[in-house]
Amino acid sequence: MRTILPVAVVVAAIVAFWYLAAIPMNIHFAVTSAQRAGAEVTPESGAERRNMGAIALAARNPAQWTDSWTQAKPRLPVPHQVVAELWRTTALQHPASKQSLVYHGWVTLSATVVGFAIGTGLGILLAIGIVHSRAMDMSVMPWAIASQTIPILAIAPMIIVVLNSIGVQGLIPKAIISAYLSFFPVVVGMVKGLRSPDAMQFDLLKTYNASRSETFWKLRLPASAPYLFASLKVGIAASLVGAIVGELPTGASRGLGARLLTGSYYGQTVQIWSALFATAILAAALVAIVAGIERATLKRMGLAT
Amino acid sequence: MTQVPVIESKNLDLTFETADGPVAALKDVSLQIGAGEFVSFIGPSGCGKTTFLRCVAALEEPTGGSLTVNGMSPEEARKARAYGYVFQAAGLYPWRTIAKNIRLPLEIMGFSRAEQEERVNRVLELVDLAGFGGKYPWQLSGGMQQRASIARALSFDADILLMDEPFGALDEIVRDHLNEELLKLWARTGKTIGFVTHSIPEAVYLSTKIVVMSPRPGRITDVIESTLPQERPLDIRDTPEFLEIAHRVRDGLRAGHAYD
């Protein structure tokens with residue numbers, strides 16, 4: 001309970017900074033609108049204002065500050081605008097409506113979950129191969145690393161075009177881009193986890209004349225659990241990024257990525273920001289779910305109290 | 001004792017190839033260990049005592065000489081599960097309870113469920129841990145963990161028990177207690193025990209035979225047959241007989257260092 005006050009103070013400071021930052025960001029439009037509506041502004045010449053710095057203009061027109069927080073298409077929307085938009089597009093819309101963020105969130109979420117499942121499965125299989133075969137260690141690992149150095153924005157359109165040409169559309173291409181991003185942390189974490197038992201542990205099993213598969217199931221796999229979960233938390237967040245990036249290049253009309261894209265086409269900054277926040281909330285929820293499964297599993301295994 | 005040796009090594013050599021050139025970990029080691037003997041290996045670090053034990057367990061491959069365990073090569077003996085090995089650290093799996101840790105070798109060796117159950121209970125009793133089977137390793141003290149690891153090595157009834165400084169990380173009070181327990185256990189089970197240690201009193205107190213080793217190259221400098229009686233209360237360590245053997249071990253260790 002004692003941490004609530006400091007946390008509240010930090011959040012309040014961020015929100016206050018946000019409102020302050022919105023003033024210079026939006027002041028030019030606010031002053032121009034006010035002048036059109038007949039208000040006194042300084043300086044009066046539009047040309048002069050355009051050449052002025054935003055902070056200087058804001059300092060000379062304090063009466064227009066509040067106007068900078070209520071515009072329909074601000075450069076930087078303020079928190080209450082974003083919250084109102086989030087509320088309007090979730091609670092006040094039918095979830096199946098195209099106006100609803102729940103609908104778009106669901107589209108992105110389903111691609112994320114499918115991609116995460118593919119990526120995790122692939123990652124675990126690759127890690128098992130890498131740990132057990134020197135040839136795979138030397139051949140697969142460099143490719144896995146190289147794959148992550150390619151900007152996902154460059155490769156996503158190609159994946160979508162190639163899959164589209166063989167008739168695969170919709171969720172699967174997005175899920176594959178999402179898997180492309182999420183398999184890597186799983187491979188790295190799982191390889192480390194499967195190799196984590198010390199030499200003595202392997203010697204012990206050798207004295208029992210245990211086979212490779214017994215060593216895997218009884219020692220390597222359980223020992224890798226904490227490492228796997230750490231990777232899964234990174235992987236699920238990467239999956240979400242992948243699904244959203246997969247929605248951008250096609251001009252998709254559904255999904256949080258599409259929401260970001262149409263928002264930027266029409267200058268709907270409030271819509272962009274609310275989609276960004278929806279994404280962040282979704283990511284936090286997904287990570288929290290993985291963390292919950294982690295706690296329950298490790299507790300069951302006796303690795304956590 | 002005129003039995004067929006359980007462990008027999010003749011002119012055993014083991015040279016490790018390192019970046020700084022070859023290192024002779026074992027040089028010309030010849031030794032016979034009979035059934036039911038308690039043999040301690042003592043010497044400074046790098047004298048090859050652990051390496052010798054690992055050769056017996058087929059965890060290292062000798063580069064020369066011959067070594068047999070139960071008349072077989074160490075590799076065959078390992079595959080026949082001829083020995084239980086206790087490492088320096090207890091090495092219990094943190095995700096298994098004590099009972100399940102002890103069950104590990106039994107699962108691998110394919111004992112039936114009922115048999116596993118029965119054996120786990122028996123060895124838990126043997127090391128005085130009955131009632132702790134359901135605990136996780138972190139809930140036990142270091143001494144109890146090491147006892148659990150001994151139980152694990154005993155569970156599948158190998159005739160040979162190889163112990164690599166099993167009490168090295170424990171404090172002296174716990175160590176004394178476990179030494180006493182180990183002797184009782186040995187008397188009850190009649191196993192052949194190979195025991196690596198740093199401690200002179202521990203070696204003299206436990207052993208029927210003490211092998212004194214010295215480093216560079218790792219070799220045997222003295223083999224002492226203990227004259228102490230089978231029955232050994234802890235205060236036997238104050239008797240002149242005990243001190244005399246300890247003195248001889250110390251002399252052997254010193255001889256190995258003479259040209260350092």
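An unreviewed UniProt entry lists chain B under the name Sulfonate ABC transporter ATP-binding lipoprotein, with Pseudooceanicola nanhaiensis as the source organism. For the record of chain B, the UniProt heading Sequence similarities (unreviewed entry) holds the text "Belongs to the ABC transporter superfamily."

As recorded in an unreviewed UniProt entry, chain A goes by ABC transporter permease and comes from Pseudooceanicola nanhaiensis. Taken directly from UniProt, the Subcellular location (unreviewed entry) text for chain A runs: "Cell membrane". Regarding chain A, the UniProt comment filed under Sequence similarities (unreviewed entry) reads as follows: "Belongs to the binding-protein-dependent transport system permease family."

A. Layout of the UniProt feature "transmembrane region" (unreviewed entry) in chain A. Residue and element names in this part refer to chain A. Listed under "transmembrane region" (unreviewed entry) in the UniProt record, and renumbered for this structure, are residues 106-131, 143-166, 172-191, 227-252 and 272-293. Helix and strand shares over residues 172-191 are 100% and 0% respectively, and the end C-alpha atoms of the span are 27 Å apart. The distance from the first to the last C-alpha atom of residues 272-293 is 32 Å, and the span holds 100% helix and 0% strand.

B. Layout of empty space enclosed by the protein. Residue and element names in this part refer to chain B. Applying the stated criterion to the full structure yields two cavities of 30 Å³ or more. Here the largest cavity defines a volume of roughly 80 Å³. If you trace the largest cavity, you find it lined by Leu-126, Val-127, Arg-147, Ile-150, Phe-167, Leu-178, Glu-181, Leu-182, Leu-185 and Arg-188. Those elements that place two or more of their residues in the lining of the largest cavity are α5 (142-154) and α6 (172-189). Among the elements that take part in the lining of the largest cavity, α6 stands out by supplying five residues, more than any other.

The rules behind the values
- Residues numbered from 1 in each chain as written.
- Chains lettered and ligands numbered in written order.
- Predicted model: local features only at pLDDT ≥ 70, side-chain atom pairs only at ≥ 80, totals over all residues.
- Heavy atoms only, no water.
- UniProt positions renumbered as here; feature names shortened; annotations may be inferred.
- Helix = DSSP H or I, 4+ residues; strand = E, 2+ residues; numbered from the N terminus.
- 1 Å grid on protein atoms, 1.4 Å probe; cavity = no way out; pocket = protein on both sides within 12 Å on 5 of 7 lines; lining within 4 Å.
- Points joined across faces, edges and corners; volume = space filled by probe spheres on them.

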